[in-house]
Amino acid sequence: LPRAVFDHISNWFDGKSFVGNVKKNSKRSSSGLRKPQKQILKNVLNDDNIDVAGVSDVKSKMKKYMGSKKVLIVLDDVDDIGQLEALAGEPTWFKQG
């Protein structure tokens, strides 16, 4: 259902990213949430070549580049506030809309 809603409304946004199975994927690898963080940046900024050095670098880039865009980020199966904070940051990082 989350993916269907995402697909239905995503055209109304400047940037978009759907990250599924957050709980499972964050515990699966040693890199934790770095891969989904990078995925969000690549998807929202539409830039497959973006490079990130680490979690703090991702957060810095999200704050810098997403504040001027109307974005849709769907995080499916989040079970920890830390996952949400790592992947979505703070509401002030994004343009209202």
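What counts and how
- Residues numbered from 1 in each chain as written.
- Predicted model: local features only at pLDDT ≥ 70, side-chain atom pairs only at ≥ 80, totals over all residues.
- Heavy atoms only, no water.
- Axes fitted to C-alpha atoms, helices over the stretch in contact; angles between N-to-C directions.
- Helix = DSSP H or I, 4+ residues; strand = E, 2+ residues; numbered from the N terminus.
- Parallel < 35°, antiparallel > 145°, perpendicular 65-115°, else oblique.
- Left-handed = near helix turned anticlockwise from the far one by under 90°.
- Contact = heavy atoms within 4.5 Å.
- Nonpolar A, V, L, I, M, F, W, Y, C, P; charged D, E, K, R; others polar.
- pLDDT = per-residue confidence, 0-100.
- UniProt positions renumbered as here; feature names shortened; annotations may be inferred.
- Buried < 20%, exposed > 50% of the residue type's maximum accessible area, 1.4 Å probe, protein only.
- Pairing = 2+ DSSP bridges.
- Salt bridge = Lys/Arg side-chain N within 4 Å of Asp/Glu carboxyl O.
- Arc of directions from axis to C-beta.
- Polar contact = N/O pair within 3.5 Å; in protein donor to acceptor, adjacent residues only side chain to side chain.
- Phe/Tyr/Trp six-rings, centres within 6.5 Å; stacked < 30°, edge-to-face > 60°.
- Lys NZ or Arg CZ within 6 Å of the ring centre and 35° of its normal.

If you look the protein chain up in an unreviewed UniProt entry, it shows as Resistance protein candidate RGC Ha-1B29 from Helianthus annuus.

Draft legend 1. Local environment of the packing of helix α3 (residues 34-45) against helix α4 (residues 55-66). Running from amino to carboxyl end, α3 crosses α4 at an angle of 20°, the nearest separation of the two axes being 10 Å. Overall, the two elements α3 and α4 adopt an arrangement that is roughly parallel. α3 and α4 meet at a crossing whose hand is left-handed. Contacts between α3 and α4 pair Q37, I40, L41, V44 and L45 from the former with V55, V58, K61, M62, Y65 and M66 from the latter. In terms of residue class, the contact of α3 with α4 is built from nine nonpolar, one polar and one charged.

Draft legend 2. Geometry of the confidence of the model for the protein chain. This prediction gives the protein chain a mean pLDDT of 85; 95% of its residues lie at or above 70. Here α4 is the element of the protein chain with the lowest mean pLDDT, 80, and helix α1 (residues 2-9) is the one with the highest, 95.

Draft legend 3. Looking closely at the UniProt feature "domain: NB-ARC" (unreviewed entry) in the protein chain. In this structure's numbering, the residues bearing the UniProt feature "domain: NB-ARC" (unreviewed entry) are residues 33-86. End-to-end, the C-alpha atoms of residues 33-86 are 7 Å apart, and along that stretch the chain is 56% helix and 9% strand.

Draft legend 4. The pairing of strand β2 (residues 71-75), seen in detail. β2 sits mainly inside the fold: four of its five residues count as buried. One ladder, built from five bridges, connects strand β1 (residues 15-19) with β2; its direction is parallel. Within the sheet, the bridge partner assigned to G15 lies in β2 and is V71.

Draft legend 5. Spatial organisation of the pattern of salt bridges. Per the counting criterion, the structure on display carries two salt bridges. R3 is paired through a salt bridge with D7; the nearest N and O atoms lie 3.2 Å apart. Within this pair, R3 and its partner D7 are both found in helix α1, separated by four residues, close to a single helical turn. Since its relative accessible area comes to 41%, R3 is described here as partly exposed. Taking the shortest distance from any N to any O, the salt bridge between D57 and K61 comes out at 3.6 Å.

Draft legend 6. Local environment of helix α5 (residues 81-88). Turning to α5, its buried residues are Q83, A86, L87 and A88. The arc that holds every buried residue of α5, seen down its axis, measures 165°, which confines them to one face. The distance from a side-chain oxygen at the start of α5 to the backbone nitrogen of G82 is 2.8 Å, and the residue carrying that oxygen is D80. Phi for G89, located one or two positions after α5, is positive at around 65°.

Draft legend 7. A look at the packing of aromatic side chains. The final tally for this structure, using the stated rule, is one aromatic pair. The lysine or arginine in question, K70, covers the ring of F13, its NZ or CZ lying 5.5 Å from the ring centre.

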